[in-house]
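Single-letter residue listing:
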Amino acid sequence: MGIRVQVEAFDPGAELNALHAANVGVGAVVGFVGYVRDFNEGREVGGMFLEHYPGMTEKALGKIADEAAQRWPLLRLEILHRIGRLEPGEPIVFVGTASAHRQAAFDACAFVMDYLKTRAPFWKKEDTGEGPRWVEGRDSDQAAARRW
Amino acid sequence: MGIRVQVEAFDPGAELNALHAANVGVGAVVGFVGYVRDFNEGREVGGMFLEHYPGMTEKALGKIADEAAQRWPLLRLEILHRIGRLEPGEPIVFVGTASAHRQAAFDACAFVMDYLKTRAPFWKKEDTGEGPRWVEGRDSDQAAARRW
Amino acid sequence: MIHVHYFARYREALGVDSEQLGWSEAFARLDDLRRHLLARGGDWAVLGERNLMCARNQELCGLDEPLADGDEIAFFPTVTGG
Amino acid sequence: MIHVHYFARYREALGVDSEQLGWSEAFARLDDLRRHLLARGGDWAVLGERNLMCARNQELCGLDEPLADGDEIAFFPTVTGG
């Protein structure tokens, strides 16, 4: 179970491979990668700044990870989220799960993303062609989190 | 949209990273990796042989990929499945999806795995401590495929 | 002519991976072909299994699938890839 | 003493990222503190937004959360990470 909040870039592929880590009890690995897009809600995006709440961020992610580990039989769970300045095409977040069978790995990974989107204190400020703007929360994210 | 059925080993991390492929319209990537476990249904597994139906395998995977592409707005979909001899800890299958938003990527990836498990002509023969045995289909896989 | 393939556990039980049968109007549906093979007795009883899957011309189908001269048919146990 | 933090759009609108307020029995619940800040008028109206989120001692909570002397409180707009 690992939680990382960092300014540094990371390699999603290396994160995915590390979830197996020579554990021959792992039958299924699921990895999610969120990337900065060049377009969002009607405007071109030239990059963004990710603000967070130091101290609370790690606690909030830890609580989400604990809840996932209670709900599903996970052998590994990794959450990695970047903060600070990001350019289009850069990975923002990685969530990876490993379990004996696939359903737990799929569900736990989707659950962590839905909860992270609605409960972890991160805020995106995008640079658009019409100046900077704060991204507003989406109702669809609230709805997704209520599924669980 | 890519379908590969191959004897050769592959690198799941490289497959995951390739799904983004400098496409800045991609906001979400989901990768699933199935690994050979060292234990299955009560017996230790020392390795397995994956038999398939040459010709039909590619067609069946192509149909599953087409159906996923019709149901969800995917920017990429890759299915890679190994055949022949595999050892515990080796990746058997990779399914990767890329889309603008995460829900399509998650659902399409889970859908492809559920359909692959029940509709693609692969059969596993495991080497166990008590000799070789053919793996039998699981009711839970049939149930998972009926969700969609 | 009907080309018939057997895979995995069925292939091993029958000791044959494929065969060709002369076309017959009696093979109106895939189940007619299956019953013809079952009638061989012995190991061919595997084709009576409840979980038997089949394909016509490399597409999954049901036992009520109509057959035509030249078809490629396959019988196999539940698939277990992934 | 109550430590209050503001984040993202609220921090920018208010021009302040944190402040300390002397403890008062009037701050029985988090909403009492919020109304006290709203009463400052002007830009502080952002704390009246329907989607406002808040945390007490770095845990998400509701506006009916009871407060205690020494608490760390935060107000922020809907989170948008991931």
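You'll find chain C entered in an unreviewed UniProt entry as Molybdopterin synthase sulfur carrier subunit, with Azotobacter chroococcum given as the organism. Its UniProt record gives chain C the following Sequence similarities (unreviewed entry) comment, quoted word for word: "Belongs to the MoaD family."

Identification of chain A as Molybdopterin synthase catalytic subunit from Azotobacter chroococcum is taken from an unreviewed UniProt entry. UniProt, in the comment section headed Catalytic activity (unreviewed entry), describes chain A in these words: "2 [molybdopterin-synthase sulfur-carrier protein]-C-terminal-Gly-aminoethanethioate + cyclic pyranopterin phosphate + H2O = molybdopterin + 2 [molybdopterin-synthase sulfur-carrier protein]-C-terminal Gly-Gly + 2 H(+)". Quoted verbatim from the Subunit (unreviewed entry) field of UniProt, the annotation for chain A is "Heterotetramer of 2 MoaD subunits and 2 MoaE subunits. Also stable as homodimer. The enzyme changes between these two forms during catalysis."

Q: Is there a simple way to think about the pattern of salt bridges in this case?
A: When charged atoms on two side chains of opposite charge get close, those side chains can pair. This model, assessed by the stated rule, comprises 46 salt bridges over all chains. Measuring nitrogen to oxygen at the nearest pair gives 3.3 Å for the salt bridge that ties Arg 76 of chain B to Glu 78 of chain B. Using a relative accessible area of 24% as the deciding quantity, one classes Arg 76 of chain B as partly exposed. Taken together, the salt bridges that share partners define one network made up of Arg 102 of chain A together with Asp 114, Arg 138, Asp 141 and Arg 147 of chain B.

Q: Help me understand the interface of chain A and chain B, please; the structure alone is not making it clear to me.
A: Put simply, an interface is often sized by how much accessible area is lost when its parts join up. Facing 38 residues of chain A, the contacting portion of chain B comprises 38 residues. On the chain A side of the interface with chain B, the three residues burying the most area are Tyr 35, Arg 102 and Phe 106 of chain A, jointly 23% of the side's total. The interface formed by chain A and chain B holds 4 salt bridges in total. A salt bridge links Arg 102 of chain A to Asp 114 of chain B; the nearest nitrogen and oxygen atoms lie 2.7 Å apart. Breaking the side of chain A that touches chain B down by element, the ones donating at least two residues are helix H1 (12-18), strand E2 (28-35), helix H3 (102-119) and helix H4 (139-146) of chain A.

Q: I tried to follow empty space enclosed by the protein on my own but got confused; where do I start?
A: By rolling a water-sized probe across the atoms, one finds the places where empty space is left. Tallying each qualifying case throughout the model produces 2 cavities of 30 Å³ or more. One number sums up the size of the largest cavity: a volume of about 50 Å³. Residue lining of the largest cavity: Trp 123, Lys 124, Trp 134, Val 135, Glu 136 and Gly 137 of chain A together with Ala 8, Arg 9, Pro 77, Thr 78 and Thr 80 of chain D, and that is the complete set. If you list the elements that add at least two residues to the lining of the largest cavity, you get strand E8 (122-128) of chain A together with helix H1 (8-14) of chain D. Size it by volume and the second largest cavity reaches roughly 30 Å³. Around the second largest cavity, the lining residues are Trp 123, Trp 134, Val 135 and Glu 136 of chain B together with Ala 8, Arg 9 and Pro 77 of chain C.

Q: Looking at this model, I keep getting lost on the relation of the copies chain A and chain B. Mind explaining?
A: Mapping between the two copies of the chain is achieved by a rotation about an axis and a shift along the axis. When chain A is fitted to chain B, the residual RMSD is 0.0 Å, and the transformation amounts to a turn of 180° plus an axial shift of 0.0 Å. Viewed as a symmetry operation, the transformation between the two copies matches a two-fold axis. Looking at the rotation axis and the C-alpha trace of chain A, the residue lying nearest is Gly 13 of chain A, at 1.7 Å. A symmetric contact is evident, with 100% of the interface residues of chain A recurring at the interface of chain B.

Q: Just to check I follow, could you spell out the interface of chain D and chain A for this structure?
A: Taken together, the contact between chain D and chain A spans 21 residues of the former and 27 residues of the latter. Interface area, chain D with chain A, both sides summed: about 2,000 Å², of which 54% is carbon and sulfur. The largest contributions to the chain D side of the interface with chain A come from Gln 58, Thr 80 and Gly 82 of chain D, which together make up 34% of the buried area. Joining chain D to chain A, the criterion identifies 4 salt bridges. As a salt-bridge pair, Arg 11 of chain D and Glu 51 of chain A come within 2.4 Å of each other at their nearest N and O atoms. Summed over the shared surface of chain D and chain A, the number is 15 residue pairs in polar contact (both at pLDDT 80 or more). Within the residue set of the side of chain D that touches chain A, elements represented by two or more residues are H1, strand E3 (53-56), strand E4 (59-61) and strand E5 (72-76) of chain D. The class makeup of the residues in the side of chain D that touches chain A is 9 nonpolar, 7 polar and 5 charged.

Q: Just to check I follow, could you spell out the sheet that holds E4 of chain D for this structure?
A: Strands pair in a sheet through their backbones, by hydrogen bonds, and they do so in one of two ways: parallel or antiparallel. Residue and element names in this part refer to chain D. The mixed open sheet is built from 5 strands, whose spatial order is E2-E1-E5-E3-E4. Among the strands making up the open sheet, the edge pair consists of strand E2 (18-21) and E4. With direction set aside, neighbouring strand axes in the sheet form an average angle of 30°. Here 4 bridges tie strand E1 (residues 2-6) to E2, and the two strands are oriented antiparallel to one another. For His 3, the partnering residue across the bridge sits in E2 and is Gln 20. Strand contacts of helix H2 (residues 30-38): E1, E2, E3, E4 and E5, with the helix running at about 60° to E5, the strand carrying the most contacts.

Q: Sorry, what's going on with H4 of chain A here?
A: Three- or four-residue spacings in an α-helix give side chains the same orientation, since the helix completes a turn every 3.6 residues. Residues and elements named next belong to chain A. Those residues of H4 that sit buried are Asp 141, Ala 144 and Ala 145. All buried residues of H4 lie within an arc of 95° about the axis, which places them on one face of the element. Residues of H4 that are exposed and point more than 90 degrees away from the buried face comprise Asp 139 and Arg 146.

Q: I keep staring at the packing of helix H2 (residues 56-71) of chain A against H3 of chain A and nothing clicks. Help me out?
A: The packing of two helices is summarised by the inter-axis angle and the distance between the axes. All names here are of chain A. Running from N to C, H2 and H3 cross one another at 150°; their axes reach a closest spacing of 10 Å. It follows that H2 is roughly antiparallel to H3 by the angle criterion. The element H2 and its partner H3 pack so that their crossing is right-handed. From H2, Ala 60, Leu 61, Ile 64, Glu 67, Ala 68 and Arg 71 reach across to H3, where they touch Phe 111, Val 112, Tyr 115, Leu 116 and Arg 119. In the contact of H2 with H3, the residues fall into 8 nonpolar, no polar and 3 charged.

Calculation criteria
Residues numbered from 1 in each chain as written. Chains lettered and ligands numbered in written order. Predicted model: local features only at pLDDT ≥ 70, side-chain atom pairs only at ≥ 80, totals over all residues. Heavy atoms only, no water. UniProt positions renumbered as here; feature names shortened; annotations may be inferred. Salt bridge = Lys/Arg side-chain N within 4 Å of Asp/Glu carboxyl O. Buried < 20%, exposed > 50% of the residue type's maximum accessible area, 1.4 Å probe, protein only. Contact = heavy atoms within 4.5 Å. Buried area = accessible area lost by both parts, 1.4 Å probe. Helix = DSSP H or I, 4+ residues; strand = E, 2+ residues; numbered from the N terminus. 1 Å grid on protein atoms, 1.4 Å probe; cavity = no way out; pocket = protein on both sides within 12 Å on 5 of 7 lines; lining within 4 Å. Points joined across faces, edges and corners; volume = space filled by probe spheres on them. Least-squares fit on C-alpha atoms with pLDDT ≥ 70 in both. Polar contact = N/O pair within 3.5 Å; in protein donor to acceptor, adjacent residues only side chain to side chain. Nonpolar A, V, L, I, M, F, W, Y, C, P; charged D, E, K, R; others polar. Pairing = 2+ DSSP bridges. Axes fitted to C-alpha atoms, helices over the stretch in contact; angles between N-to-C directions. Arc of directions from axis to C-beta. Parallel < 35°, antiparallel > 145°, perpendicular 65-115°, else oblique. Left-handed = near helix turned anticlockwise from the far one by under 90°.

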